[in-house]
Amino acid sequence: MFKKLAVLGFGLAALAFALVVAGCANCRHAERDRQITGITWQLDLSSLKGVQNPSEKPMRPITLLIAADGKVSGCAGVNRYFGTAVVDEAEEDLKFPPLGTTRMAGPGMNYETAYLQMLAKVEEYKITGALLTLYGDDDVRLAQYVKAKIAE
């Protein structure tokens, strides 16, 4: 009888340990899912407001990549942009000081102009699953992205 109880007790302890380890792995996975850095995000064009002549789409997808060191890069539709971001992942605060861009022209400059103007207004962000939403003053939604499936 004692042997059966010992085996049962050991089995329950192993199960409890496995649940704790799995729970910790899920915490790390959930934390990584809320991480803004190190991920290429692709803009949902329909979420960007203030675009003049929205029928003229950009040449390339509009993307955002923020590195762990705060360096920012991406495609604004025609030109590449670069600079730094001020990110507080704990508070979900995000600011973009003035960014640099290359200087080409092409279809979709209207999106590019609206996009770069929008980045200057960003105050906060929220990540829900594979979606990144940027907010300005008074929690106004400025733009929404999805995790990109394209090579940057």
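Preceding this paragraph is the structure being described.
Source: prediction; values computed, not measured.

Caption draft 1: Fine view of the overall build of the protein. The secondary structure content of the protein amounts to two helices and ten strands. Written out in order from the N terminus, the α and β elements of the protein read α-β-β-β-β-β-β-β-α-β-β-β. Among the 152 residues that make up the protein, the fraction classed as buried is 30%. Of all intrachain contacts in the protein linking residues separated by at least 6 positions in sequence, the fraction that spans at least 24 positions is 53%. Within the structure as shown, the protein displays about 9400 Å² of accessible surface, and the carbon and sulfur contribution to it stands at 61%.

Caption draft 2: Geometry of the nonpolar core. By size, the foremost hydrophobic cluster in this structure holds 28 residues, and its most contacted members are Leu64, Tyr115, Met118 and Tyr145. Those elements that provide at least two residues to this core are strand E1 (40-43), strand E2 (63-66), helix H2 (109-119), strand E8 (124-128), strand E9 (131-135) and strand E10 (141-147). Sorting elements by how many residues they give to this core places H2 first, with five residues. The residues contacting tyrosine 115, other than those within four sequence positions of it, are Leu43, Leu48, Ile62, Thr63, Leu64, Ala76, Tyr81 and Tyr145.

Caption draft 3: Spatial organisation of the environment of alanine 143. Relative to the assigned elements, alanine 143 resides in strand E10. It is 7.3 Å that separates the C-alpha atoms of alanine 143 and leucine 43, two residues lying 100 residues apart in sequence.

Criteria and thresholds
Residue indices follow the written sequence of each chain, beginning from 1 at its first position. Side-chain atom pairs in this predicted model are given and counted only at pLDDT of 80 or more, local residue features only at pLDDT of at least 70, and totals for whole chains, interfaces and linings cover all residues. Water and hydrogen atoms play no part in the side-chain values, which are based on all heavy atoms of the structure. Strands are runs of DSSP state E lasting at least 2 residues, helices are runs of H or I lasting at least 4, and numbering of each runs from the N terminus. Here's how the labels work: a residue is buried when its accessible area is under 20% of the maximum for its type, exposed when over 50%, partly exposed in between, all with a 1.4 Å probe on protein chains only. Any pair of residues with heavy atoms lying within 4.5 Å of one another is described as a contacting pair. Methods summary: accessible areas were calculated by the Shrake-Rupley approach with a probe of 1.4 Å, and residue burial reflects only the protein chains presented. Here, the term nonpolar core denotes a set of buried Ala, Val, Leu, Ile, Met, Phe, Trp, Tyr and Cys residues that are joined through side-chain atoms within 4.5 Å.

None of this, on its own, says anything about what the molecule does.
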